[in-house]
Structures are given as C-alpha cells and as structure tokens.
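Structural characterization, general
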Amino acid sequence: MRRTVFNEDHEAFRETIRAFIEAEVVPVYDEWFAAGQAPRDFYYKLGELGIFGINVPEEFGGAGLESHKFEAVLYEETARAGVQFGGSGVHVLLALPYIKMLATDEQKKRYLPKFVTGEEMWAIAMTEPGTGSDLAGMKSTAKLSEDGTHYVLNGAKTFITGGVHADRVIVCARTAAPTAEDRRHGISLFAVDTKSEGYSVGRKLDKLGLKTSDTAELAFVDVKVPVEDLLGEENKGFYYLGHNLASERWGIAFGAYAQAKAAVRFAKQYVQERTVFGKPVAHFQNTKFELAACQAEVDAAEAVADRATEALDAGELTPAEAASAKLFCTEVAHRVIDRCLQLHGGYGYMNEYPIARLYADNRVNRIYGGTSEIMKTIIAKDMGL
C-alpha cells in the first residue's frame, strides 16, 4: 500500500537527517553509549541543523510549522540507524508544547530563541519517588513569598529525562492543597532555571535501555523561582498536563512503531548474512515465516501510527485514540523486537548488535507516558465501561 503521510519536504528532511546521523552520530555512538549520555555540545549541532525550531514561531527564530511529521521522520531515521539523540526528544516533544500553550509573550521572548539554538535545553519534572503514574499525589511545594516576588520550591523528582544537561526544567509543584472534591487541584507549573541556588541534580540513573539519554533525580531546597517564571495560571497544572498527554503518547506510539520497523530491517540483514549448517539463516522456512509475521505486524502498526499522526496534526487526536495508538504500537514493538532478537541467536544478546540495544530501549515504551494498564483504563472508560 502506498504511504501518504509524508510529502517531498519530509523526504528531503529525511535525506538531511540520514546524512547527519551517518556523519555526526554513528562514528561516536559507542562512546556515548559507554558514557551513558550524549555530550552537551551535540545539542548545539541539533540547534544549528534546525531540529529544535521546526515548530517554533518564526519571530523567535523557528520555522513556524505546525506539524509533527518532521518529528515522525526523526523517529524513523534514528531507529533505522540504531541510535538515539540523547535526551533531546523531551526538549521538543514534551517541553515545547507547554511553552507554546502557556508562556506569555514576554516569556516566549526570553525562552524560545535560546530553545531553538540549544543554548537552553529543557526538561519536564513530573514524577516523584513513590508517586509513579499518580501525579495528583505529588508532594513538591511552591509557596509564594510574602512580598509576592517569587515562589519557594521544595521537593524531589525522579526519572527526569534530560535532567543532567537541562538548563531549564518545567517543574510541577503544589501551590495549594488538594480539596476533598478534587485531589488534582493545586498543582502549578514553573520554568525553573537549573542554576538557581538550592537546585541540585542527584544521581544520573543507570537505566536498562536508552543509555545515551541522561535521566536523573532532581532535588529542590528553598529554590527561589521568580513569579515571572510561573507557566499559566496557579493551581491549573493538572489540567495543563492532561492537555498535552495526547501528543506525548503519540510520540511514544510512533517511536515504538519505528523501532519495530528497524528491528525487522536488522533481522533481515542478519539472517541473509549469517550461515548455519552451510546455508544462510534466511533460507530456512521458520526464518521466513517469523519475519513475514513480524512484517505484517509492522504494517498494521504503521497504519495506526500514520493515522494518529494525521489526527494530531489536524488537532483531532483524542486522549482515548492516543492511548489506543500507544497501547497497540508499543505491544507490537515488544513482540516484533523480541522475535527479531531471537533470529539473531546468541549474537542478539550482545550490545555490539543494534537489535540488543533496541530490545532494551524499547522496554520502557510500555511504562512511561502511562503504562499499558493505564492505557487500557482510558480506552475502556471511553467505551463507556
């Protein structure tokens, strides 16, 4: 079936990204993997390439586009090469929508030009130790000072992707206590400067996968946050978080589909080159059947991912549809990548092979952005169950 989601501009962008990956990422990726993060100066290169400014208005140095299709191309090309762009994904996919939706004109003038160049890398801090998916249970607080010039932030966050290199972090904290009627009430969002006194980065977490993306614990001890860095209105943070979950879950869904597609590519290449019992592994019927079944699943995931992309660009992707796309694509990727690793035999367990890294990278897709179980709950509720 002919794919229609991308046009000539997207394909030209794909060629640029593919060449960039081959020249700037592949030769040094093993070093990033060993270090557990991409170097900070790599983000300046992404800024120069225009990656960070695609969806930023022209007046702030961006391209002014309103489409997620270029991000989709990035997902496909990084997966195809078996690499990651460090923790930069959260900068664009997660942080930018909040800036565009909530920032005042004055804030946009301060934030976005440096966002586009990579001079200021952004992350978002929601999860806390012991809360997991229960964001309403967060304990971090931000209390307004007596003179009304700043908030005093205290608390801790964990699993913060991009947290090591971040220059600003959108921190979710309580500015008021929850009410008996609504425990989600009282959460606000702040664009916190990581150079602030009392702000500290704890452990760089040692993850199973996504080794080149820096993920950290953060701590806040009497951090002074100027009132000018409050994003949106006080106490409406939970609503804001829910508003952007559809785009976040789309990104996870599309990324998972792209990983599954890449896994089939890696396995096909391996079984054509690897010889056992005097024959290429690809010669055996079981190999053909396994890859054929994987390809069929990838085709279905591609259709779901593309449909969700079109709906997101049209502003029509509902929370339930995003949950459905995430659930389906991540579960498909789990099955496909596992079967493709199996076809590599013992070599599939070695990190020098991209399928091994892909297996580890993919596992978190069914956890972050809402677990598969949470996705099922959302879908069931939408069904009236």
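Structure shown above.
Computed from a predicted structure; not experimentally measured.

Reading the values: rules and limits
Residues numbered from 1 in each chain as written. Predicted model: local features only at pLDDT ≥ 70, side-chain atom pairs only at ≥ 80, totals over all residues. Heavy atoms only, no water. Patch = residues over 30% accessible without salt bridge, like charges linked within 9 Å, V, L, I, M, F, W, Y side chains within 5 Å. Areas by Shrake-Rupley, 256 points an atom, 1.4 Å probe, with all protein chains shown as cover. Salt bridge = Lys/Arg side-chain N within 4 Å of Asp/Glu carboxyl O. Helix = DSSP H or I, 4+ residues; strand = E, 2+ residues; numbered from the N terminus. Buried < 20%, exposed > 50% of the residue type's maximum accessible area, 1.4 Å probe, protein only. Axes fitted to C-alpha atoms, helices over the stretch in contact; angles between N-to-C directions. Parallel < 35°, antiparallel > 145°, perpendicular 65-115°, else oblique. Left-handed = near helix turned anticlockwise from the far one by under 90°. Contact = heavy atoms within 4.5 Å. Nonpolar A, V, L, I, M, F, W, Y, C, P; charged D, E, K, R; others polar. Phe/Tyr/Trp six-rings, centres within 6.5 Å; stacked < 30°, edge-to-face > 60°.

The grouping of Tyr347, Tyr349 and Met350 at the surface amounts to a nonpolar patch, some 360 Å² of accessible area in total. As for its placement among the helices and strands, tyrosine 349 is situated in the loop between helix H10 (319–343) and helix H11 (354–362). Taking the relative accessible area as the measure of exposure, tyrosine 349 reaches 69% and is therefore exposed.

Between helix H9 (residues 285–313) and H10, whose axes approach to 10 Å, the crossing angle comes to 155°. Overall, the two elements H9 and H10 adopt an arrangement that is roughly antiparallel. When the axes of H9 and H10 are compared, the crossing they make is left-handed. Of the residues in H10, those touching H9 at Thr287, Glu290, Leu291, Ala293, Cys294, Glu297, Val298, Ala300, Ala301, Val304, Ala305 and Ala308 are Ala325, Phe328, Cys329, Val332, Arg335, Val336, Arg339, Cys340 and Leu343. The residue inventory of the contact of H9 with H10, partitioned by class, reads 16 nonpolar, 1 polar and 4 charged.

What follows deals with the packing of aromatic side chains. Summed over the entire model, instances satisfying the criterion amount to 17 aromatic pairs. Arranged with centres 6.0 Å apart and planes meeting at 70°, the rings of tyrosine 75 and tryptophan 250 form a pair that is edge-to-face. In this pair, tyrosine 75 is assigned in helix H4 (residues 69–81) and tryptophan 250 in helix H8 (residues 245–273), connecting sequence segments 175 residues apart. A relative accessible area of 22% places tyrosine 75 in the partly exposed class. A ring pair is formed by tyrosine 111 and tryptophan 122, whose centres lie 5.0 Å apart and whose planes are at 75°; its orientation type is edge-to-face.

Before going further, it helps to spend a moment on H11. Among the 9 residues of H11, 7 are classified as buried, and the element is accordingly described as predominantly covered. Restricting attention to buried positions, one finds in H11 the residues Ile355, Ala356, Arg357, Leu358, Ala360, Asp361 and Asn362. Where H11 is buried, its residues meet helix H2 (29–35), H8 and H10.

For the pair H10 and helix H12 (residues 372–382), interaxial distance at closest approach is 9 Å and the crossing angle is 140°. By the angle class used here, H10 and H12 are oblique. When the axes of H10 and H12 are compared, the crossing they make is left-handed. Between H10 and H12, the contacting residues are Pro319, Ala320, Ala323, Ser324, Lys326, Leu327, Thr330 and Glu331 on the first element and Ser372, Met375, Lys376, Ile378, Ile379 and Asp382 on the second. Classifying every residue of the contact of H10 with H12 by side-chain character gives 7 nonpolar, 3 polar and 4 charged.

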